[in-house]
Every structure is written in structure tokens, then in C-alpha cells.
2 protein chains.
Amino acid sequence: MIRAALDAMGADAGLEPTVLGAALLSLEPVEVTVVLVGDAAAIRALLARTPHDPKRLEIANAPEFVRMDEKPAAALDARPDASILCAARLVASREADVLVGAGNTGAVIHAAARSFSRLEGVRRVALCAVHPTLEPHGPKGDPFGLMLDVGATLQCSAEDLVAFARMGSCYSRLVSDIARPSVGLLSNGSEPTKGTDAIVAAHAALASSADLAFAGNVEGLDVPKGRVDVVVCEGFVGNIVLKMLEGVADAARDLARHAHATKLRYRLGLALLQSGLERVREVTDWKQYGGAPILGFDRAVIKAHGRSTPRAVRNALRLAAKTVERGLVPELQKSLAC
Amino acid sequence: MIRAALDAMGADAGLEPTVLGAALLSLEPVEVTVVLVGDAAAIRALLARTPHDPKRLEIANAPEFVRMDEKPAAALDARPDASILCAARLVASREADVLVGAGNTGAVIHAAARSFSRLEGVRRVALCAVHPTLEPHGPKGDPFGLMLDVGATLQCSAEDLVAFARMGSCYSRLVSDIARPSVGLLSNGSEPTKGTDAIVAAHAALASSADLAFAGNVEGLDVPKGRVDVVVCEGFVGNIVLKMLEGVADAARDLARHAHATKLRYRLGLALLQSGLERVREVTDWKQYGGAPILGFDRAVIKAHGRSTPRAVRNALRLAAKTVERGLVPELQKSLAC
């Protein structure tokens, strides 16, 4: 039985999505026990009015937590028993196999850094994100691509980028069942000489490593298209690109709403397109995808979106179980040693 | 009479869009003479079958040029009389007031750097781009924002970013008639402490300069929204973001086409929305906007898109005339001295 330590506190909507998400999972035929780390009394109260399997849920009391708007390091210094730190310690001591957090992203990364070690060959860790793409990926036709780093390591050396490429490829292979995921370096042109010094050096190193399906540089254009399975970039750029993708989905929605208000003909047209638009919305609302890993630690860590619904938390917990089942950490170690 | 030196060679479609664009302008009541720099015989042959006002067009023979796929510096070394260099020399010697190029972007920047000086306080120049935004800008409700740098200076110091902010604000004020354009630094969070070292230092410097309407950091989300009039970033990031905006417009088009093929209901809906979609397409097809400046030289330089139509070249020439009329270079000098 896989054990997932879920920080139940600190998501945008508080305890509800995390506890209800774990309750949902407990009723499914998945071999996972969830340790809900948070305010035990409040968690019990929520569970009392929610269908769940008590044999598959445990509670670890940790009423203090890091709020979304707090500076992570200072908050963790001030509250050494904050829920995310307690959850991380359960994973460090092998009482649980994987850490799952839906709260303050910086706090998840800092708590992991204080509790776990980095894998050999990893100087800095990478926060991954999944983003919708036009082209499907892998044998299941996944409409999502993987991008890393999106904010854990703002400025990267060439070595960092190479490690991110290896880890991203390994994760994509294990979790999306893509035999040899294609990996691209995000740059300002496709030629090997294009980009910052770190990008150019990383390109040279990746081009000569036969174990990866390195597709060379990709451009901004290629991210929404999904030309590669894994996009590698430094955290500063990745964060901006990711937030822009979110912005474009919102912009499309606003535009549709605006058209809706103006003309009868447009209203009719939009009504006819409704289910098509719903499908687009579904694909672009990848916050419901579940979560994405933080790669580089000697423990598995899944970050779920702060605005997760119970269903999204359930999906993040399923993903967490999958990473343990498929041996993410030992596989990462192997791919870094190549 | 303002004189614009137009590099007539090197656009994707060759001489035709540049020569026809200049011919179009020559028939309008605008006080501009265009010097067409390129293969004189070919230009004359094109003009012979195009309506134009010969008093408003001149030809400077320069049959050699830089191709789109060439390395700019090497190509200019090999061809010291390439059309873009001849055009730049006309502006350097004051035989023309403004340089306009629709060819290889790197060649335009290099030719300008070899022929002009940089303004005092400018270590590196910035290539600007206009991009469509949801929110309108200025008194005319311009649906475009300005972004710089998008590729001239890949890695920027804090001083570079501050100079870009001053120049972008000045350009936006002069050309878009915005009294105090709002300026944002593109970063991975809105707090002043977010971003790379250069961003954080530039933020501190801009926050204390009263002459600018500095709106703080903006995030990826804010670019398509158009939260500020001028987005400042280093060229590496700007180039990726710009190409992604282009990619998203293409993706939306593909999606519409795909929906078109699938269901009768969708086909009907799209037909009803047709004119609305055309409007979106028009707004997003900002390649037809005309051009954007390269800022930081002691001469005015306008870069038109390589895929420009005659109408887009005509618009770029109008824009070039406007920058001269409104005294862009002396105004930039003043705003850099603040």
C-alpha cells in the first residue's frame, strides 16, 4: 500500500478541496492510503459529513500552515511545525512515500529542500507544469506537454538545464508512457548558436548525449503547438510563459463573453458552438489536470494547483501514487547518471 | 519634406512589397519622399507598371543585399555595399531622415550599429514590437501594446532595462499620443523582490524615478491583457513571448478550422460568428501594423515585418515619417537625460 502525505492546509479554498479530494480517492480501487496533515479537529469535522473509507485515510495533526501570500522561508522559520513541514518530515522518515501539496508553491519547495536531499548531479530542483498543446503527445494522445522549470530556479546554469532535460524526459517516459520523449530547449531561435550563454552550452551538451531524444531549440511558437514532449527553460522564462498561456485562455473567454453581449447573430453562433467551446475550455483548464512534480529531490513531490477542486486533488493523489509505483526517484537517479 | 531611406531588398517576397508600398505612399498627401535603395533596374521595371508619383520617389542603386537566412555580421562584412548598409549611410550623412528596413532583422540592427552612434546613456539598443491586447491603450483606444526588447539585446543589465523603459515610454507618448504611458517590467511576480538580479535592481531604480508612470512588475498574464502600455524585458524573454503570441493566434485559427470540418452545428455557429472572427483575426494579425522602432541610435530606425504586404510597407513608411515629424531622436535624448 502506497502512502501519500497530503498537506491538507493552505490551498486557496482551505481544507475543503484537499479533504474531499482524499475522501473521493479513498472510495476508489487504488492502493493508496492518504495521510491528511493539518488541523485534525477540522479535518474530522469535514470527514464526518463526507462519504469516505476510514481505513484508507489517516490524520496527522498540524494546525499551523503557510498562507498563499506569505514569504515561504520566513513563514517556515516562524512555524517549524507548519503542515507542509510535518508532511515533508513524514516522507523524509519513510512513514509516507510521496509528498503532495496544494498550498503556497514556494513553501512546498522550501519544505522539501529542508527535509530531503537533492539527487546526485542536481544542483537546483525544477518545478514542472503541464500545459495544453495543439499536437497530442505519446501513445495515449495526451493533449498536454511538460515544461520545466517554471519558477523553482529563476536563473540556470547550462548544467542545471541539462539535468532538467534528463529529469523531464525520465518523468514523461514513466508517467505519460512515451518511450523516448522529445526534449527541446526554449530559445530565441532554432539554430544551436541562438540563446543565452547557458542555453548555447546546454544545447551542445544535450546534442552529444545519445540517451535523450533531443530535438534542439524550440521557439515561443512551439510551446502552444506542442512540437516537443518536454520543454526545458530557466524558471524565470518558464514562469512568464506559463502565466501567459493562462492569460490567453482567459482572454479568449473574455472575448467570447464580449461577443455574447453585442449581437444577436454572435449570440446564436456562440450558442451553436457551445459544446465545442466547452471542450476548448476543458482542455485549456489544465489546472484540473491534477498536479505536476518538483524534480531533483530524493523523494517524490507533487504540487497541485492552489485553486484545485476536490476532483483535481484526487487526480493529484492518483498521480502521486503513480510516481511511486513506477519508481520515479530511482529512475531519475539512473537517468542523471548517464 | 521628410526623406525616408527604404531598403527595398531582402523582404520575404523580394522587391515587390517594398516598391509597391512606396508607390502607394507617393500618391497620398503625406510630406515624404522615399529613397528606394536596391537594384535600380529592377525597381524601375516594377515602377513602370505601378501607379506612383515620380516626384516623391528616388532610387539609389545597390543590387547586393542580405538574405533572410544569412548571419548578419558575416553577410555585411562580405558585402559592404549591401542595400541595407547603403540605406543606413544615407541616413548617417543626413541625406535621409529615417531608415526603414523589411529584411533580415539582425542585418538592420548591425547596419544601424555600423553607421550610427548610440545615444548617451544607451549601452545596448532595443528592438520594439507591437502586440495585440485585450485592453485598449491611449486616447485613440489603440488595441496594441509596445514591448521591448524582443531580440536585439538577449541579456540585459539593470541599466539597460531602465534605458529601455525610458525610451519605450517616450516612443509610446510621441507615437500613440499617450500623455504618461504606463510602463511595466516583465517578471515572475508582482512584488518588487521578484525576478532576476537585473529585474530587481531595475525595479528599484524605476520606482524612484518620478518622470515615468512606472506600474511595477507585470506577469505573463498581463501581456495579452494589456495591463500596461509598455512592457520592458530582456531580448531573450521578449523574443520567446512575442513568438508565443504569434503561435497562439495560429493555434486559434487551426482550432477554428478543425471545428469547421467536424460538425454541421459547429459550421453553422462559425458562419454566424464569421465577421466577429474576422475582426479578431484583423486585430491579431499585427504584422500588418506597419512596423516598430529600433530605439537607442542617434537616428530613427523602423523595422517592418519581413512578410509585409505593400499596405504594411506603406504603413511603416507613414510611421517612419511620424517619428521624424515628432522629433523622436531629440525626445529620446531628453528622456534619457532625466
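Model, not experiment: these values are computed from the prediction. (Residues numbered from 1 in each chain as written. Chains lettered and ligands numbered in written order. Predicted model: local features only at pLDDT ≥ 70, side-chain atom pairs only at ≥ 80, totals over all residues.)

### Describing the overall build of chain A
A count of helices and strands for chain A gives 12 helices and 11 strands. Relative to its 338 residues, chain A shows a buried fraction of 55%. Expressed as a percentage of contacts within chain A between residues at least 6 apart in sequence, the contacts between residues at least 24 apart total 71%. (Helix = DSSP H or I, 4+ residues; strand = E, 2+ residues; numbered from the N terminus. Buried ≥ 20, exposed ≤ 12 C-beta atoms within 10 Å, placed from the backbone. Contact = placed C-beta atoms within 7 Å.)

### Brief notes about the domain arrangement of chain A
All names here are of chain A. In terms of domains, chain A is made up of domain 1 (1–122 + 296–338) and domain 2 (128–252). Taking only C-alpha atoms into account, the centre of domain 1 sits 26 Å from that of domain 2. Taken together, the 14 residues of domain 1 in the interface contact 12 residues of domain 2. No other element matches helix α12 (residues 328–336), which puts 5 residues into the side of domain 1 that touches domain 2. Looking at the side of domain 1 that touches domain 2 residue by residue, the classes come out as 6 nonpolar, 5 polar and 3 charged. (Domains from an automatic or database assignment. Nonpolar A, V, L, I, M, F, W, Y, C, P; charged D, E, K, R; others polar.)

### A short note on the pairing of strand β8 (residues 213–218) of chain A
All names here are of chain A. Pairing of strand β7 (residues 182–186) with β8 involves 4 bridges; the strand directions are parallel. Bridge pairing links Leu185 to Asn217 in β8. Read as a crossover between parallel neighbours, the route from β7 over helix α7 (residues 197–207) to β8 is right-handed. (Pairing = 2+ DSSP bridges. Right-handed = clockwise from strand over helix to strand, strands pointing away.)

### Here's the deal with the packing of helix α4 (residues 83–92) of chain A against helix α5 (residues 105–115) of chain A
Residues and elements named next belong to chain A. Two elements in contact, α4 and α5, have axes separated by 9 Å at closest approach and are oriented at 40°. Looking at the two axes, α4 sits oblique to α5. Seen from above, α4 lies across α5 with right-handed handedness. Where α4 approaches α5, its residues Ile84, Leu85, Ala88, Arg89 and Ala92 are matched on the opposing element by Ala107, Val108, Ala111, Ala112 and Ser115. Residue composition of the contact of α4 with α5, by class: 8 nonpolar, 1 polar and 1 charged. (Axes fitted to C-alpha atoms, helices over the stretch in contact; angles between N-to-C directions. Parallel < 35°, antiparallel > 145°, perpendicular 65-115°, else oblique. Left-handed = near helix turned anticlockwise from the far one by under 90°.)

### Some points on unusual backbone geometry
Peptide bonds are mostly trans, and most non-glycine residues show a negative phi. In this structure, the amide linkage connecting Leu148 of chain A to the following residue, Asp149 of chain A, adopts the cis form with an omega of -5°. Summarising the element assignment, Asp149 of chain A is placed in the loop between β6 (142–148) and α6 (158–176). Not every positive phi belongs to a glycine, and Arg94 of chain B is a case in point at roughly 65°. Among the secondary structure elements, Arg94 of chain B is positioned in the loop between α4 (83–92) and β4 (98–101).

### Focus: the sheet that holds strand β7 (residues 182–186) of chain B
Residues and elements named next belong to chain B. The strand order β3-β2-β1-β4-β11-β10-β5-β6-β9-β7-β8 describes an open sheet built from 11 strands, whose pairing is mixed. Looking at strand neighbours, the two that pair on one side only are β3 (57–61) and β8 (213–218), the edges of this open sheet. Shown here is a sheet whose adjacent strand axes are inclined to one another by a mean of 30°, direction ignored. Two strands pair when backbone bridges link them, and strand β1 (residues 2–7) and strand β2 (residues 32–38) are joined in this way by 6 bridges, in the parallel orientation. Bridge pairing links Asp7 to Val37 in β2. Packing of helix α11 (residues 310–325) onto the sheet brings it into contact with β1, β2, β4, β10 (291–295) and β11 (300–304), and relative to β11 it is tilted by some 165°.

### Overview of the nonpolar core
Formed by 216 residues in total, the largest nonpolar core has its most connected members in Ala4, Leu6 and Leu317 of chain A together with Ala4, Leu6 and Leu317 of chain B. Residue contacts for Ala4 of chain A: discarding those within four places in its chain leaves Val32, Val34, Val35, Ala96, Asp97, Val98, Val100, Leu317, Ala320 and Ala321 of chain A. (Core = buried A, V, L, I, M, F, W, Y, C linked by C-beta atoms within 7 Å.)

### Overview of the packing of helix α1 (residues 15–26) of chain A against helix α2 (residues 40–48) of chain A
Residue and element names in this part refer to chain A. One way to put it is that α1 packs onto α2 with a least axis distance of 10 Å and a crossing angle of 55°. Judged by the inter-axis angle, α1 sits oblique to α2. Note on packing geometry: the crossing formed by α1 with α2 is right-handed. For the pair α1 and α2, contact is made by Leu15, Glu16, Val19 and Ala23 and by Ala42, Ile43, Leu46 and Leu47, respectively.

### Looking at the sheet that holds β6 of chain A
All names here are of chain A. Spatially, the 11 strands line up as an open sheet ordered β3-β2-β1-β4-β11-β10-β5-β6-β9-β7-β8, and their pairing is mixed. Edge positions in the sheet fall to β3 (57–61) and β8, since each of these pairs with one other strand and no more. With direction set aside, neighbouring strand axes in the sheet form an average angle of 30°. Against the sheet, α4 makes contact with β1 (2–7), β2 (32–38), β3 and β4 (98–101), and its axis sits at roughly 165° relative to β1, the strand it touches most. The strands touched by α5 are β4, β5 (126–137), β10 (292–295) and β11 (300–303); relative to β11, the strand with the most contacts, the crossing angle is about 170°.

### Regarding the pairing of β1 of chain B
All names here are of chain B. At this point the chain moves from β1, through helix α1 (residues 15–26), to the parallel β2, and the crossover so formed is right-handed. The sheet contact formed by β1 and β4 spans 4 bridges and is parallel. In the sheet register, Asp7 faces β4, and the bridge partner there is Gly101.

### Some remarks on the environment of Phe164 of chain A
Residue and element names in this part refer to chain A. Looking at the element boundaries, Phe164 is found in helix α6. Through-space distance from the C-alpha of Phe164 to that of Val98 is 20 Å; in sequence the pair is 66 residues apart. Apart from residues no more than four positions distant in its own chain, Phe164 is found in contact with Ala126, Leu148, Asp149 and Val232.

### As for the environment of Pro192 of chain B
Residue and element names in this part refer to chain B. Relative to the helices and strands, Pro192 is located in the loop between β7 and α7 (197–207). Remark: the alpha-carbon pair of Pro192 and Leu245, spanning 53 residues in sequence, is separated by 26 Å. Residues in contact with Pro192, not counting those within four places in the same chain, are His203, Ala204, Ala207 and Gly216.

### So, the environment of Glu28 of chain B
Tracing the backbone through its elements, the reader meets Glu28 of chain B in the loop between α1 and β2. According to the C-beta neighbour criterion, Glu28 of chain B is partly exposed, with 13 such atoms within 10 Å.

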